[in-house]
Amino acid sequence: MAEASFSEDQFCCPICLDLLKDPVAIPCGHSYCMSCITGCWDQDDGKGVYSCPQCRKAFTPRPDLNKNAMLAEVVEKLKKTKIQKSPQSVPAKCYADREEDVKCNVCTGRKYKAVKSCLVCINSYCQNHLEQHEHFFKDKRHSLIDATGRLDELICNEHDRPLEVFCRTDKLCICLMCVMDKHKNHDTEKASDERKIKQKQLDDKQTQFKEKIQQREEKLQELRDAVESHKRFAQAAVENCETIFTELIKSIEKHRSEVTQLIRDQEKAAVSRAEGFMKQLKHDIDDLRRRNAELEKLPFTNDDIYFLRSFQSLTVLPESTDLADITVSSFLSFDDVTKAITLLRGQLEDFCKEEIEMISERVRYVEIVPIPEPKTRKDFLQYKRQLSLDTNTTSKNLCLSMGNTVITNTGTNQEYPDHPDRFNICPQVLCREKVCGRSYWEVEWSASAENWVSISVAYKSISRKGNGNECIFGNNNQSWRLLCCASKKSEFLHNSKKTICPVVSSKIGVYVDHGAGTLAFYSISDTMTLIHKVQTTFTEPLYPGFRVLEKTTIKLCDLTM
């Protein structure tokens with residue numbers, strides 16, 4: 001009898017492509033390793049349907065698996081009789097040692113690079129195992145693609161089938177089963193056809209991306225140049241400030257020396273004059289004492305002629321310093337000079353503090369990329385300022401209350417002391433706090449139907465005495481005001497130039513960006529509505545101010561809550 005001829009491939013598992021281990025035959029007749037087919041069907045437990053990886057025949061329920069003893073014996077004999085060939089040397093470049101290499105899922109030990117991936121078996125194969133795969137499935141239509149490490153991403157998670165269709169409705173890649181299921185009646189297209197369409201759009205998209213990249217590269221370079229310029233200007237400003245402060249210190253030192261020298265010169269002149277009087281007085285005292293001593297001896301002389309002559313010469317008082325010309329101060333002091341210097345120091349410190357605060361605010365808002373202006377009330381409240389009214393500026397016909405946050409014109413004069421900062425005629429008042437940088441505050445007002453209230457900002461240098469335009473908010477170039485009336489449209493005034501504005505609510509929001517020269521008034525209700533906006537250049541710090549006519553009231557809102 002002729003000896004039967006067997007091929008090793010006949011006894012390889014179609015799943016692991018290696019000789020069968022604990023071989024089992026499933027109802028359709030195909031054989032697999034016990035562990036391979038068990039692992040494959042474990043993944044199908046959720047579906048309740050189990051199929052053959054080769055012929056795709058489905059079984060329900062899950063078939064029981066038993067080891068095929070005869071087939072196992074044949075495989076063992078094949079292993080014993082198998083001629084062991086010495087392994088050929090494999091070039092190092094064929095091994096999947098690098099992180100980016102796709103590894104063969106079948107190789108044991110050191111794995112070879114995969115050359116193809118199967119979308120049906122969901123495995124990647126090296127050249128040797130690919131040949132075995134093609135031998136087992138030569139009559140089946142398995143989809144092979146170039147080896148990829150993203151194989152799981154190409155399989156439908158729900159149906160374990162290749163993603164072959166694009167759903168335009170949901171903008172998703174789906175399998176053929178999905179087309180018949182959740183994506184039924186959707187606008188679908190084969191993935192390859194959809195790619196052709198998208199491929200045509202790709203050039204336009206790439207052009208857009210290149211344009212955006214170029215724009216951003218230009219902006220990036222612009223920012224880099226601006227940063228370098230900013231650094232240079234900052235360094236130049238530091239050096240200039242150092243020079244100016246050094247000169248200022250030298251100037252103060254010079255004035256200090258001048259005042260010291262003035263005091264010393266005055267001291268020297270006064271002492272010299274006093275010492276002259278002292279010398280003259282000492283001379284007078286010495287002469288009078290000498291005459292007095294001789295007069296004391298004169299009564300004891302026996303020579304009548306000598307007595308008469310001496311008496312005649314000694315009793316005539318010599319010319320001497322008139323004591324009436326010498327007035328000695330009972331209180332010698334330079335307190336007036338000290339007080340003057342102390343006052344100068346206070347004025348200089350106040351001036352420097354005010355100017356440095358304004359400089360600080362200007363420096364704070366020197367931005368390479370400016371912060372955008374606020375848009376919502378929440379944005380504005382980032383810059384909220386809590387204000388209080390300055391009693392030294394309050395006109396006598398205005399009454400302050402509620403911790404100097406409420407102004408009322410009662411029509412009667414208040415007992416305020418005279419002060420150079422007080423508005424002596426205009427019913428106006430300024431706040432204590434000056435506005436530099438970005439600031440926001442709100443006020444509530446009430447007035448009779450025909451009366452107005454004025455919500456303003458002004459420079460500290462605005463005139464306070466009289467009732468001329470130089471004093472009235474909005475009628476000069478040192479102030480800006482919004483006139484609010486319950487029955488008419490509002491008005492904005494600056495330097496007596498009037499702009500008609502919409503009717504406003506009883507609550508007004510005021511926003512100032514001193515560095516940017518922005519002043520804006522908003523009507524506050526359920527929404528925040530712009531009333532009027534000014535773009536200018538502020539040359540001094542601004543002070544919020546108010547003009548309040550009879551039977552009208554303004555309240556500064558508490559924004560700290």
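Presented here is a report on the structure given in the accompanying data block.

### Considerations on the packing of aromatic side chains
Then, in step 1: As enumerated under the stated definition, the model contains 11 aromatic pairs in all.
Then, in step 2: Their ring planes at 55° and their centres at 6.4 Å tell us that Y383 and Y511 sit as a pair that is tilted. Of this pair, Y383 sits in the loop between α8 (377–380) and β11 (398–401) while Y511 is found in strand β19 (residues 507–513), placing the two residues 128 residues apart along the sequence.
Then, in step 3: In this structure an aromatic cluster arises from ring pairing among F380, Y383, Y440, Y511 and Y522.
Then, in step 4: The side chain of R464 reaches across the aromatic face of F423, ending 5.4 Å from its centre.

### Quick word on unusual backbone geometry
Then, in step 1: In this structure, the amide linkage connecting T60 to the following residue, P61, adopts the cis form with an omega of 0°.
Then, in step 2: You will see that K171, though not glycine, has its phi angle at about 55°, which is positive.
Then, in step 3: Taking relative accessible area as the criterion, K171 reaches 64% and is therefore assigned exposed.

### Digging into the layout of surface pockets
Then, in step 1: Of the volumes computed, that of the second largest pocket is approximately 1,000 Å³.
Then, in step 2: As for the second largest pocket, its lining consists of 35 residues, of which S51, R56, V120, I122 and D160 are closest to the centre.
Then, in step 3: Among the secondary structure elements, those contributing two or more residues to the lining of the second largest pocket are α1 (34–42), β3 (50–51) and α4 (176–180).
Then, in step 4: When residues in the lining of the second largest pocket are grouped by element, the largest group, three residues, is from α1.
Then, in step 5: Here the lining of the second largest pocket is composed, by residue class, of 18 nonpolar, eight polar and nine charged.

### Quick word on empty space enclosed by the protein
Then, in step 1: Under the definition given, this model contains one cavity of 30 Å³ or more.
Then, in step 2: Lining the largest cavity we find R385, Q386, L387, W441, E442, L556 and C557.
Then, in step 3: Among the residues making up the lining of the largest cavity, the classes are represented as four nonpolar, one polar and two charged.

Parameters and conventions
All residue numbers refer to positions counted from 1 along the written sequence of the respective chain. Local features in this predicted model are restricted to residues whose pLDDT is 70 or higher, and side-chain atom pairs enter the listing and the counts only when it is 80 or higher, whereas totals over whole chains, interfaces and linings include all residues. Hydrogens and water molecules were not included; the side-chain quantities draw on all heavy atoms of the structure. A pair of Phe, Tyr and Trp rings is counted when the ring centres sit within 6.5 Å of each other, with Trp represented by its six-membered ring. The angle between the planes then sorts it: under 30 degrees is stacked, over 60 is edge-to-face, the rest tilted. Helix and strand assignments come from DSSP, with helices taken as H or I runs of at least 4 residues and strands as E runs of at least 2, each series counted from the N terminus. For a Lys NZ or an Arg CZ to count as sitting over a ring, it must be within 6 Å of the ring centre and within 35 degrees of the ring normal. Between buried and exposed lies partly exposed: a residue is buried under 20% and exposed over 50% of the maximum accessible area for its type, with that area taken using a 1.4 Å probe on protein chains only. Every definition here rests on a 1 Å grid over the protein atoms only: cavities are sets of points where a 1.4 Å probe fits but cannot get out, pockets are open sets enclosed by protein on both sides within 12 Å along at least five of seven lines, and lining residues have some atom within 4 Å of a point. Grid points are joined across faces, edges and corners, and a volume is the space filled by probe spheres set on the points. Here the term charged refers only to Asp, Glu, Lys and Arg, the term nonpolar to Ala, Val, Leu, Ile, Met, Phe, Trp, Tyr, Cys and Pro, and the term polar to all other amino acids, Gly among them.

Such coordinate-based values are descriptive only and should not be taken to indicate function.
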